[in-house]
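Next come the chains, spelled out residue by residue.
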Amino acid sequence: TISVQLVQLFCDNILGAVGIAVGHPLDTVKVRLQAKSVYKGIFDCVTKTYLNEGFHGFFKGMSFPVLTTGLANSIVFGSYSNALDYLSQSDRCPTSHCRQVSSLQVFTAGCFSGIVQVLVCAPVDLVKVRLQGQTTAERYRGPIDCVAVILQQEGFRGLYRGAAALALRDVPCYGLYFLPYELTRKALTETGEEPGTFAILMAGGVAGVVTWACATPMDVVKARLQMSGAGGQQYSGVLHCIRVSLKEEGVRVFFKGLLLNSVRAFPVNAVTFLTYESLLKSFCPSGK
């Protein structure tokens, strides 16, 4: 019903906003480390950000993701659930533990959710990264101004700068994202029983860490391509960015931000999946 959908959307927004508020400072440091080569490491980036911009500097670019997080979560989990339901040809409860599904079906459904997520959320991610990358020079006054400047200077295509790298990161990684979650949750749940809170939290955390470990190399490329239109080094595409970055900084460049991604991923994704499962269980308590 409409009322149930509104409640779910509201819960998605609250969940996403809390997760973003907790993880955004780490994400800002991660983006700056990936997109620029002026920092010696995490501590150096944190110190320079605080000295030059204050505590506020760690929260640049947060408002746009906060406002759109409910939409993003609904898109990712909604498209995943519907795709998995279609692939498994099940008309029972939408929670995946209510039915038998294969690892291939889980991976395929996850990849589909990644495609949908990229198409809808690429501009939001671009604006976030552009605002996070601002240090002393204020190129953009806020998210709306950032969108306006991009449209004026780069056209509509500019909003999808770095989208190819984002797709290469998210499509396979969203497939991987749901796979370790399903496998870990199943391993921590007794046969014939519903997964408990601990199993869901651990499975969500493991899924987040595993996924970001695989996603970080392309995450670096994405960040650099997105910043190339805002005063950063210019790249002609994904392959050019990979070649130049590898030549100038070595293979280690593709693992910048891995530690931060992992530290942020476990708690954020643990809570995300717990809320997701709780919502589905409340909408389908009988499991039928």
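Residues numbered from 1 in each chain as written. Predicted model: local features only at pLDDT ≥ 70, side-chain atom pairs only at ≥ 80, totals over all residues. Heavy atoms only, no water.

Visitor: Residue-level account of empty space enclosed by the protein, with values.
Guide: The full count for this structure, using the stated rule, is 2 cavities of 30 Å³ or more. Size it by volume and the largest cavity reaches roughly 1000 Å³. Lining the largest cavity are 39 residues; nearest its centre among them are Ile-20, Gln-117, Tyr-174, Trp-212 and Arg-264. Contributions of two or more residues to the lining of the largest cavity are made by helix H1 (2–35), helix H3 (63–88), helix H4 (103–132), helix H6 (163–187), helix H7 (197–227) and helix H9 (258–283). No other element matches H1, which puts 9 residues into the lining of the largest cavity. (1 Å grid on protein atoms, 1.4 Å probe; cavity = no way out; pocket = protein on both sides within 12 Å on 5 of 7 lines; lining within 4 Å. Points joined across faces, edges and corners; volume = space filled by probe spheres on them. Helix = DSSP H or I, 4+ residues; strand = E, 2+ residues; numbered from the N terminus.)

Visitor: I'd love a proper account of the pattern of salt bridges, names of residues and values included.
Guide: Summed over all chains, the structure comprises 16 salt bridges. The partner of Lys-128 in a salt bridge is Asp-27, and the shortest N-O contact between them spans 2.6 Å. Of this pair, Lys-128 sits in helix H4 while Asp-27 sits in helix H1, placing them 101 residues apart in sequence. Per residue, the accessibility class of Lys-128 equals that of Asp-27, and both read buried. Its salt-bridge partner being Arg-161, residue Glu-154 comes within 2.9 Å of it at the nearest N-O pair. One salt-bridge network, held together by shared partners, links Asp-27, Lys-30, Lys-128, Arg-169, Asp-170, Asp-219 and Arg-264. (Salt bridge = Lys/Arg side-chain N within 4 Å of Asp/Glu carboxyl O. Buried < 20%, exposed > 50% of the residue type's maximum accessible area, 1.4 Å probe, protein only.)

Visitor: Go over the packing of aromatic side chains with me, naming the residues and quoting the values.
Guide: Summed over all chains, the structure comprises 11 aromatic pairs. When the centroid spacing of 3.6 Å and the interplanar angle of 5° are considered together, the rings of Tyr-80 and Phe-178 count as stacked. Taken together, the residues span a long stretch of sequence, with Tyr-80 in helix H3 and Phe-178 in helix H6 at a distance of 98 residues. For the pair shown, Tyr-80 and Phe-178 are each scored as buried. An aromatic cluster is built from Phe-77, Tyr-80, Tyr-174, Tyr-177, Phe-178, Tyr-181 and Phe-273, whose rings are joined through pairwise contacts. (Phe/Tyr/Trp six-rings, centres within 6.5 Å; stacked < 30°, edge-to-face > 60°.)

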